[in-house]
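Here is what each chain is made of, one letter per residue.
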Amino acid sequence: MHDTVIAWYSAHARDLPWRAPDRTPWGVLVSEVMLQQTPVVRVEPVWRSWMARWPEPASLAAEEPGAAIRAWGRLGYPRRALRLHGAARVIAERHAGKVPSSYEELLALPGIGDYTAAAVASFAFGQRRAVLDTNVRRVLARAVSGTQYPPNATTAAERRLAESLLPDTETAATWSVAVMELGALICTARKPRCDACPIAHQCAWRLAGAPPHDGPPRRGQAWEGTDRQARGRLMAVLREADHPVPKPALDAVWPAAAQRERALDGLVADGLVEPLDNNFYRLPGAR
DNA sequence: CACACGTGGCG
DNA sequence: TCGCCAAGTGT
């Protein structure tokens, strides 16, 4: 299975800048954070401008957090920008400006969880770490476990499986990115392209007749009328403003007063918004 | 462990 | 159309 998947990857991998030969650990780290819950097509242009402006951790660390939040644009989950800025400051101050290579030190950075720490250790530093993202989990669920979808939360069994399949250090990172790419391009969640899959003939799920998902239903993401939607509206106003924004300008984008105040308070508590005197607001430290 | 947390595109 | 989904993390 390994040689087949890696050969498929060699022929079909997308040409992404964070995979280029001249990539840096910082570029890999930035890409991984941006890619959390966000499609590649939306990340790529933002990654390019981000790396042009802040080519190393110290250059981002020298900025106010609001600059990072604004440059994040419409990628979503702007707390990721705040945490990436925080990670840059930790790297600048405690790691001499160099992205740490150990999984444990990466995991200690804000906004870096198990997946991202493993991905950076593996993709940027060539270490042998199981990289378990939604793509890998889905491919292994189908190809090996014979189920349409993986469990809702990552299980110890999934981790054991991924580790048991991990090849030696020389090829571990390539194997992980190849499986990930297979999940992203072929073994997709909704409409897998099994006719183009290099391991379709040995896929446990297909061999079992492609049985439908039977476990507990996947949790949907509520949106319309939620606090999240309100927060998004408020952040959009602040992101696009060149100067501090008066409160009425925020009130205008979310009429329900109680929910709006709760959302705004939450943004302030999260450090995404800075309240100023006279009922003005701005991105933290920004203009 | 379940939930909060943005945004936009596709089937 | 509208629910589902996208290289998760923190609490």
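Thresholds applied
- Residues numbered from 1 in each chain as written.
- Chains lettered and ligands numbered in written order.
- Predicted model: local features only at pLDDT ≥ 70, side-chain atom pairs only at ≥ 80, totals over all residues.
- Heavy atoms only, no water.
- UniProt positions renumbered as here; feature names shortened; annotations may be inferred.
- Helix = DSSP H or I, 4+ residues; strand = E, 2+ residues; numbered from the N terminus.
- Contact = heavy atoms within 4.5 Å.
- Near = heavy atom within 4 Å.
- Polar contact = N/O pair within 3.5 Å; in protein donor to acceptor, adjacent residues only side chain to side chain.
- Nonpolar A, V, L, I, M, F, W, Y, C, P; charged D, E, K, R; others polar.
- Core = buried A, V, L, I, M, F, W, Y, C linked by side-chain atoms within 4.5 Å.
- Buried < 20%, exposed > 50% of the residue type's maximum accessible area, 1.4 Å probe, protein only.
- Salt bridge = Lys/Arg side-chain N within 4 Å of Asp/Glu carboxyl O.

- As named in an unreviewed UniProt entry, chain A is Adenine DNA glycosylase, taken from Phytoactinopolyspora mesophila.
- Checking UniProt for chain A, the heading Sequence similarities (unreviewed entry) contains the comment "Belongs to the Nth/MutY family."
- Note on chain A: under the UniProt heading Cofactor (unreviewed entry), the record states "[4Fe-4S] cluster".

1. Looking at the side chain of arginine 260
Then, number 1: Mapped onto the fold, arginine 260 is located in helix α15 (residues 257-269).
Then, number 2: Once residues within four sequence positions are removed from consideration, arginine 260 is found in contact with Leu234, Lys247, Leu250, Asp251, Trp254 and Pro255.

2. Things to note about the protein's contact with DNA strand C
Then, number 1: Near DNA strand C there are 29 residues, and of these Gly111, Asp133, Asn135, Arg138 and Arg190 occur at the shortest range.
Then, number 2: Between DNA strand C and arginine 19, the relevant distance is 3.4 Å, taken from a base nitrogen to a side-chain nitrogen or oxygen of the residue.
Then, number 3: The contact in question runs from a phosphate oxygen of DNA strand C to an N or O atom on the backbone of tyrosine 115, over 3.2 Å.
Then, number 4: Mapped onto the surface near DNA strand C, the elements with two or more residues apiece are α8 (114-123), α9 (134-145) and α11 (169-185).
Then, number 5: Class assignment of the residues belonging to the surface near DNA strand C gives a composition of 12 nonpolar, 8 polar and 9 charged.

3. Some remarks on the UniProt feature "domain: HhH-GPD" (unreviewed entry) in chain A
Then, number 1: Look at the UniProt record and you will see "domain: HhH-GPD" (unreviewed entry) annotated at residues 34-185.
Then, number 2: Secondary structure content for residues 34-185 is 64% helix and 0% strand, and the end C-alpha separation is 19 Å.

4. Some details on the environment of valine 179
Then, number 1: Along the chain, the position of valine 179 falls in helix α11.
Then, number 2: Separated by 44 residues in sequence, valine 179 and asparagine 135 have C-alpha atoms that sit 7.5 Å apart.
Then, number 3: Among residues more than four places away in sequence, those in contact with valine 179 are Val5, Val136 and Val139.

5. Points about the nonpolar core
Then, number 1: Ranked by size, the top nonpolar core spans 84 residues in total, and within it Trp26, Leu29, Met34, Trp50, Leu84 and Leu106 carry the most contacts.
Then, number 2: For this core, the leading source of residues is α11, giving 8 residues.
Then, number 3: Those residues within four positions of tryptophan 26 in sequence are excluded, and the remaining contacts are Trp50, Met51, Trp54, Pro55, Glu56, Pro57, Leu60, Leu84, Ala88, Ile91 and Val99.

6. Re the pattern of salt bridges
Then, number 1: Scanning all chains against the criterion turns up 16 salt bridges.
Then, number 2: The residue aspartate 270 makes a salt bridge to arginine 79 at a minimum N-O spacing of 3.2 Å. Separated by 191 residues along the polypeptide, aspartate 270 in the loop between α15 and β2 (274-275) and arginine 79 in helix α6 (residues 79-94) bring together distant segments of the chain.
Then, number 3: Exposure remark for arginine 79: the relative accessible area of 34% places this residue in the partly exposed category.
Then, number 4: Its salt-bridge partner being arginine 137, residue glutamate 158 comes within 2.8 Å of it at the nearest N-O pair. Placement of the pair is glutamate 158 in helix α10 (residues 156-165) and arginine 137 in helix α9, with a sequence separation of 21 residues.
Then, number 5: Taking the relative accessible area as the measure of exposure, arginine 137 reaches 10% and is therefore buried.
Then, number 6: Taken together, the shared-partner salt bridges connect Lys247, Asp251, Arg260 and Glu261 into one network.

7. What to know about the protein's contact with DNA strand B
Then, number 1: Arg42, Arg74, Tyr77, Pro78 and Arg231 are the nearest of the 19 residues found near DNA strand B.
Then, number 2: Those atoms of DNA strand B that come within 4 Å of the protein belong to sugar or phosphate at a rate of 55%.
Then, number 3: Contact distances for DNA strand B include 2.8 Å between a base nitrogen and a side-chain N or O atom of arginine 228.
Then, number 4: Contacts to DNA strand B include arginine 239, whose side-chain N or O atom sits 3.2 Å from a phosphate oxygen.
Then, number 5: Only α6 and α13 (227-240) provide two or more residues apiece to the surface near DNA strand B.
Then, number 6: A per-element tally of the surface near DNA strand B places α13 first, with 5 residues.
Then, number 7: Among the residues forming the surface near DNA strand B, the class breakdown is 4 nonpolar, 5 polar and 10 charged.

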